[in-house]
2 protein chains.
Amino acid sequence: MRIGELAERAGTTTRTLRYYESRGLLTARRTEQGYRTYDEDDLRLLQQIRTLQDFGFELEETRPFVDCLREGHPTGDACPASIAVYRRKIAELDGLIEQLQAVRAQMGAQLLRAEAELPHGPEPRCELGTERDTGTDTEG
Amino acid sequence: MRIGELAERAGTTTRTLRYYESRGLLTARRTEQGYRTYDEDDLRLLQQIRTLQDFGFELEETRPFVDCLREGHPTGDACPASIAVYRRKIAELDGLIEQLQAVRAQMGAQLLRAEAELPHGPEPRCELGTERDTGTDTEG
DNA sequence: TCTTGCCTTGACGTCGGCGTCAAGGCTTAC
DNA sequence: GTAAGCCTTGACGCCGACGTCAAGGCAAGA
């Protein structure tokens with residue numbers, strides 16, 4: 001298939017595929033006329049990249065998975081290098097989540113304080129019955 | 001005080017302060033020589049901005065807090081507009097945390113699966129005695 | 001033949017929050 | 001007088017993952 005079809009099947013754009021190629025992640029055969037052509041393996045490789053991107057991976061971080069697939073493994077994470085990246089990203093995620101939860105807690109406290117100090121009391125944003133609940137729960 | 005001192009006291013750079021000024025967030029009086037001068041109120045305003053930035057606010061989102069302080073309120077969140085931003089950001093945070101936790105769970109599962117399918121079993125990354133500890137610390 | 005629609009390469013634009021450099025002015029110390 | 005150290009404005013650079021535009025080639029259909 002050519003670049004337009006691959007892009008559409010993967011739910012992305014031709015620009016993105018050319019960009020991946022420029023980064024050395026997605027190579028293409030060429031027709032005599034210079035058109036890029038791809039096969040189903042390329043589609044799988046591309047889907048792997050997109051999945052990881054959706055997970056928040058930077059492009060460079062997808063490279064071990066791409067290499068793994070290129071080596072003939074059935075999945076991109078069937079290699080130690082990919083697994084190492086998984087581990088690193090999970091640790092990053094855990095740290096980030098922890099940070100965000102801390103910020104969330106601080107902001108929640110600030111909000112409560114600020115609301116309490118407002119001249120006219122806790123601003124009735126929208127009347128959900130009474131003030132029994134603000135709708136936000138602080139579960140861990 | 002002049003820009004250098006303010007920057008240092010706020011733990012930031014002169015470039016940043018000029019940038020804030022260009023965005024209309026931090027105004028300055030001028031000496032006859034054209035030097036920017038600031039007072040303690042400006043420092044407080046700047047600290048407010050920096051705190052919010054640390055919370056992950058975009059500059060534009062700090063504007064209501066800045067306006068609030070300029071109106072003479074003791075804190076930047078003593079105004080309805082600021083509180084509205086708090087609420088929005090908290091909702092954003094909650095959504096983001098939820099997303100990240102979902103991604104985290106998926107990646108954890110993927111990692112387990114991939115490890116299990118590795119030829120030589122679950123890769124002994126490094127032998128830390130036994131598996132008594134995963135060693136995650138919370139960086140600042 | 002002409003239009004339509006795919007493809008090519010190349011190159012500049014975007015966004016946010018600054019970093020960094022250039023060229024120069026003011027003041028103070030030596 | 002000159003070097004140091006502050007300040008000024010202006011402008012380009014950076015990062016990541018592309019978007020978008022330009023100018024043109026190739027193929028298929030009316």
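Residues numbered from 1 in each chain as written. Chains lettered and ligands numbered in written order. Predicted model: local features only at pLDDT ≥ 70, side-chain atom pairs only at ≥ 80, totals over all residues. Heavy atoms only, no water.

Asks: Is there a simple way to think about the pattern of salt bridges in this case?
Replies: It is possible for side chains of opposite charge to pair when their charged atoms get near one another. Considering all chains together, one arrives at 30 salt bridges over all chains under this definition. As a salt-bridge pair, Lys89 of chain A and Glu92 of chain A come within 3.2 Å of each other at their nearest N and O atoms. You can see Lys89 of chain A and its partner Glu92 of chain A sitting in helix α5 (residues 80–117), three residues apart, about one turn around the helix. Arg88 of chain B serves as the salt-bridge partner of Glu92 of chain B, at 3.6 Å between the closest nitrogen and oxygen. Here Arg88 of chain B and Glu92 of chain B lie together in helix α5 (residues 80–117), a separation of four residues that amounts to about one turn. A relative accessible area of 40% means that Glu92 of chain B is categorised as partly exposed. Sharing partners across several salt bridges, the network here consists of Glu61, Arg88, Lys89 and Glu92 of chain A. (Salt bridge = Lys/Arg side-chain N within 4 Å of Asp/Glu carboxyl O. Helix = DSSP H or I, 4+ residues; strand = E, 2+ residues; numbered from the N terminus. Buried < 20%, exposed > 50% of the residue type's maximum accessible area, 1.4 Å probe, protein only.)

Asks: Help me understand the protein's contact with DNA strand C in this model?
Replies: Neighbouring DNA strand C are 20 residues; Gly4, Arg18 and Arg36 of chain A together with Thr16 and Gln53 of chain B lie closest to it. Backbone atoms, meaning sugar and phosphate, form 68% of the atoms of DNA strand C found within 4 Å of the protein. In the model, a phosphate oxygen of DNA strand C is placed 2.7 Å from a nitrogen or oxygen of the Arg36 of chain A side chain. Backbone polar atom of Leu59 of chain B to a phosphate oxygen of DNA strand C: 3.0 Å apart, as the coordinates give it. Within the residue set of the surface near DNA strand C, elements represented by two or more residues are α1 (3–10) and α2 (14–22) of chain A together with α2 (14–22) and α3 (40–54) of chain B. Among the elements that take part in the surface near DNA strand C, α2 of chain B stands out by supplying four residues, more than any other. When the residues that make up the surface near DNA strand C are grouped by side-chain class, the tally is six nonpolar, six polar and eight charged. (Near = heavy atom within 4 Å. Polar contact = N/O pair within 3.5 Å; in protein donor to acceptor, adjacent residues only side chain to side chain. Nonpolar A, V, L, I, M, F, W, Y, C, P; charged D, E, K, R; others polar.)

Asks: Mind showing me how you'd approach the nonpolar core here?
Replies: In summary, soluble globular proteins display a tendency toward joint burial of nonpolar side chains. If you look at the biggest cluster of nonpolar residues, it comprises 32 residues, and the most contacted ones within it are Phe57, Tyr86 and Met107 of chain A together with Phe57, Tyr86 and Met107 of chain B. Sorting the residues of this core by element identifies α5 of chain A together with α5 of chain B as the ones contributing at least two each. Apart from residues no more than four positions distant in its own chain, Met107 of chain A is found in contact with Phe55, Phe57, Tyr86, Lys89, Ile90 and Leu93 of chain B. (Core = buried A, V, L, I, M, F, W, Y, C linked by side-chain atoms within 4.5 Å. Contact = heavy atoms within 4.5 Å.)

Asks: Please explain the protein's contact with DNA strand D as it appears in this structure.
Replies: Looking at DNA strand D, there are 20 residues lining it, with Thr16 and Gln53 of chain A together with Gly4, Arg18 and Arg36 of chain B nearest. Close to the protein, within 4 Å, the atoms of DNA strand D are drawn from sugar and phosphate at a rate of 66%. Between DNA strand D and Tyr20 of chain A there is a distance of 2.9 Å, counted from a phosphate oxygen to a side-chain nitrogen or oxygen.

Asks: Could you clarify how one ought to interpret the interface of chain B and chain A in this entry?
Replies: Interface size is often expressed as the accessible area that is lost when the parts come together. Each partner contributes residues to the interface: chain B has 33 residues there, and chain A has 33 residues. The contact between chain B and chain A buries some 3300 Å² in all, and 71% of this surface belongs to carbon and sulfur atoms. Where chain B touches chain A, the interface holds six salt bridges. For Arg113 of chain B, the salt bridge identified is with Asp77 of chain A, shortest N-O distance 2.8 Å. Residues of the side of chain B that touches chain A, tallied by class, amount to 18 nonpolar, five polar and ten charged. (Buried area = accessible area lost by both parts, 1.4 Å probe.)

Asks: Is there a simple way to explain α2 of chain A in this structure?
Replies: Residues lying three or four places apart along an α-helix face the same way, a consequence of the helix completing one turn every 3.6 residues. Residues and elements named next belong to chain A. Inspection of α2 places Thr16, Leu17 and Tyr20 among the buried residues, and these make up the whole buried set. All buried residues of α2 project into a common sector of 100° when viewed along the axis, lining one side. Structurally, α2 contributes buried residues whose contacts are with α1, α3 (40–54) and α4 (59–70). Looking one or two places after α2, you find Gly24, whose phi comes out positive at around 80°. (Arc of directions from axis to C-beta.)

Asks: So what exactly am I meant to see when it comes to the packing of α2 of chain A against α3 of chain A here?
Replies: Each packed pair of helices is defined by two parameters, the angle between the axes and the distance between the axes. Residues and elements named next belong to chain A. Running from N to C, α2 and α3 cross one another at 95°; their axes reach a closest spacing of 12 Å. Of the possible angle classes, the one that applies to α2 and α3 is roughly perpendicular. In this structure, α2 contributes Thr16, Leu17 and Tyr20 to the contact, and α3 contributes Leu46, Ile49, Arg50 and Gln53. Residue classes in the contact of α2 with α3 are distributed as four nonpolar, two polar and one charged. (Axes fitted to C-alpha atoms, helices over the stretch in contact; angles between N-to-C directions. Parallel < 35°, antiparallel > 145°, perpendicular 65-115°, else oblique.)

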